[in-house]
Amino acid sequence: MDKTTKTFPARFSFVLHVLLTAGFFFLMCDAEAQQNSGSTYRSEYIFPVQEKHVHSSSVVELPNGDLLACWFEGSGERKANDVKVMGARQKKGQTQWGEPFVMADTPGNPDCNPVLFLDAKKRLHLTWVVVVANRWEASLLKTRLSTDYLNDGPPKWDWQDVILLKPGEEFAEALETGFREMDPPGLAWAEYAPQYERMIVEAAKNPVKREVGWMGRIQPLVLENGRILMPLYSDGYNVSLVAISDDHGDTWKPSLPIVGRGNIQPALLQKKDGTIVAWMRDNGDAPQRVIFSSSKDNGYTWSVSKKTAIPNPGASVEVIALDDGNWLMVNNDLEDGRNRLAVSLSDDEGTTWKWKRYVEYVPKDKGGFSYPTAIQTSDGRVHITYSFHTPGRKSIKHVSFLPSWVKEADTGDTNAEKLGFPKGKKVLLLHMDDLGMCREANDAGKYYIENDYILSGAVMMPCENAEEFVEWAKTQPKADVGVHLTLTSEWKSWRWPPLTDPEKVPGLLDSQGKMWRSVPEVVMNATPQEVEMEIRAQIEKMLAWGYQPTHIDTHMGTLYGSPEFLKVFLKVAEEYKIPANAIDLSNPKVAAFYSAEGYPVTDEVIEILGNYNLPHLDNFGSVPKGDTYEKVKSNFFALVNALDPGITEIIFHPSVETENMKTITGSWQQRAWEAEMFADPEVKKFFKDNDIILTTWREVMERFEKK
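Here is a short report on the structure shown in this document. (Residues numbered from 1 in each chain as written. Predicted model: local features only at pLDDT ≥ 70, side-chain atom pairs only at ≥ 80, totals over all residues. Heavy atoms only, no water.)

What follows covers the sheet that holds strand β19 (residues 306–311). On the basis of which strands lie adjacent, the open sheet formed by four strands has the order β16-β17-β18-β19 and antiparallel pairing. Each edge of the open sheet is held by one strand with a lone partner, namely β16 (263–270) and β19. Averaged over all adjacent pairs, the angle separating strand axes in this sheet is 30°, with direction ignored. Bridge count for strand β17 (residues 276–282) against strand β18 (residues 289–295) is five bridges, and the pairing is antiparallel. Looking at β18, one finds that Ala278 is bridged to Ser293. (Pairing = 2+ DSSP bridges. Helix = DSSP H or I, 4+ residues; strand = E, 2+ residues; numbered from the N terminus. Axes fitted to C-alpha atoms, helices over the stretch in contact; angles between N-to-C directions.)

Successive residues of a regular strand alternate their side chains across the two faces of the sheet. For strand β26 (residues 393–401), the tally of buried residues reaches eight of nine residues, placing the bulk of the element in the interior. The sheet contact formed by strand β2 (residues 41–45) and β26 spans four bridges and is antiparallel. Its bridge partner being in β26, Tyr45 is matched across the sheet by Lys397. In this sheet, β26 lies alongside strand β25 (residues 382–390) in antiparallel orientation, the contact comprising nine bridges. Its bridge partner being in β26, Thr385 is matched across the sheet by His398. Where β25 folds back on β26, the antiparallel hairpin that results is connected by two residues, among which Gly392 adopts a positive phi of roughly 75°. (Buried < 20%, exposed > 50% of the residue type's maximum accessible area, 1.4 Å probe, protein only.)

The buried fraction of strand β3 (residues 53–61) is high, at eight of nine residues. Sheet topology places β3 next to strand β4 (residues 67–74); seven bridges connect them, and they run antiparallel. Looking at β4, one finds that Val54 is bridged to Glu73. Count of turn residues in the β3/β4 antiparallel hairpin: five residues, of which Gly65 carries a positive phi of about 90°.

It is worth spelling out the sheet that holds strand β6 (residues 101–104) at this point. A sheet is described by the order of its strands in space; here four strands give the open sequence β3-β4-β5-β6, paired in antiparallel fashion. Since the sheet does not close on itself, it has two edges, and those belong to β3 and β6, each with one partner. When the angles between neighbouring strand axes are averaged without regard to direction, this sheet yields 35°. As paired elements, strand β5 (residues 84–90) and β6 share three bridges and run antiparallel to each other. Each residue of the ladder has a partner; that of Val85, found in β6, is Ala104.

Before going further, it helps to examine helix α10 (residues 528–544). With 17 residues, α10 extends 24 Å from end C-alpha to end C-alpha; this agrees with the ideal 24 Å at 1.5 Å per step. For α10, every residue scored as buried is listed here: Glu530, Val531, Glu532, Glu534, Ile535, Arg536, Gln538, Ile539 and Met542. On its buried side, α10 packs onto β28 (456–459), α8 (466–473), β29 (480–485), α9 (519–525), β30 (552–554) and α11 (563–576). Two residues or fewer after α10 comes Gly546, characterised by a positive phi angle close to 90°. (Expected span 1.5 Å × (residues − 1). Contact = heavy atoms within 4.5 Å.)

With that settled, the discussion passes to the nonpolar core. Grouped burial of nonpolar side chains is what soluble globular proteins tend to show. Of all hydrophobic cores here, the largest spans 91 residues; its most connected members are Phe636 and Phe678. The dominant element in this core, judged by the number of residues it contributes, is α11, at eight residues. Excluding residues within four positions of it along the chain, Phe678 makes contact with Leu430, Tyr448, Tyr453, Ile454, Val623, Phe636, Phe652, Val683, Lys684 and Phe687. Listed in part, the 35 residues of the second largest apolar core include Phe171, Trp214, Leu241 and Trp252. (Core = buried A, V, L, I, M, F, W, Y, C linked by side-chain atoms within 4.5 Å.)

As far as function goes, none of this settles anything; it's purely spatial.
This is how it looks when you write it as structure tokens:
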């Protein structure tokens, strides 16, 4: 959009200093076993972390209650000829896994993507691919069968073969027809899609090409009539199909293709009306989303695939049906990166996913957790195995829990209760804004932190006094300091430019080469890309100074100035795993209040905040103004008394009184009173008498991690 065509809300006063603060406090336990959230959740590595590449696990419950897991392991993937399929057992009732053993090894070729399952006769099947010529599209799908698999060590294999599917000419015809029926590609693909589709259709006419390269990843779906539907995909065609067996896996025939642009690694489920549905990884055009298709004839023909609203970073997704009729999804709920692995529940066969909880979540580039396999065992527990990759440390991790564990994260009437604070309590997060702006703000902040009056505050990184405060904060372990993301420079003479090279962010600069004075000017002139570049620079600056920010927030509420800015704000928060100040506007009372105050509370804004995956605030406010110190105090007491239970952040701007401060801002007197008020015995007594709980962003994130 041309900058001159931008519009701005007429009643804009969305000056939420909406700060979301969080820390890089994440659990990455080196212990062999970990227990969380009571006794329902357990996790452990299947084998100690190592440097070898391990990936693409599968797990099955055996008739005696033992678990058998497998994965591939070696110095790489398709290009590493030492890759083999490994396995391990966990005996029923135990929490440790036995020593790993070899499940399949083709000398001189990589063995990848193993899948375990039992047929209706309780025979154990292992399928995997042998990568020929180190090319995925030349892979051969192999299978092994065992009836003697309950003893220690690897199963004793009764039979082994190659599964050769023979898609006929109808395969190419279905691709050509399906591509015509598909929705238009995204803009990035619009120019290339016709050429790409013609190339795929032409390759599908070659019988050699269409018979090789089919690979498994997710366990098959076994129907009530005994039919086995084994989901397969091709990196050559970049589509999926289903191998169908009506004789318990002795022979297989191919379905018609599930047509799409990069829809691979399907996970299959059957709805109550008999429809088979497939949820797939997105290896195609933007936006990156989980892809969906369905079959009305038990898996032979499939609807043209469509993108859902669920983010997918090009990573495998797992979906299973639970005994109670709910569906469970395990996926990386991101468009980019595998640093977060979520478990979600649906009570309406995938129409909505109402409950979500994380089994892994670290900042981007600090780890990857992917390729999950999930089962529900006879005791009702859900078991998930997945690739656990952090720098220099790799293993296959196993977690288990009762399905109710997923819902526990949402237990409570308020966001405070969901974090484990007592029911019905008011929880205040008192926060110092504008640290680093000047020496006077720094001195006030230090006083509050040193004396344990207030521990939370955020630093304006473009300001000259920012580094001095950050260096001091590094000596104060109790300090709860974040980045006050700054995109405005509002004062008459006390001003600052952005940290980013001005040539890269011209929309952030006024005629004096400083940041704009007002939020509307930023919204009218800056692009979301420029905003993202600058806020990343400010976070990286604090990290480069050696301090890990516990949260981020927005100076003058600028990042709430448009939905596009808000999206950038929350995206960056999730990527760094540093919480931002996100208010839960799903509460009609809170939304109505801010709307009446002139805030642009739209359905889009509510949805953006609702999709945010770090802690939410129940409410937000600032210390009220007053003509006298006593009036400021009285107004503050009235504000707190009027709050409903929940977690509320209240911001203020403390600065010590100096002649210099009086030249910076006309609000110096209010700031000086605020530098005094939270050390006032009467204020401390007010908190105690009213049973007010005080918290910090650091504690909020610790509670979030624990939950």
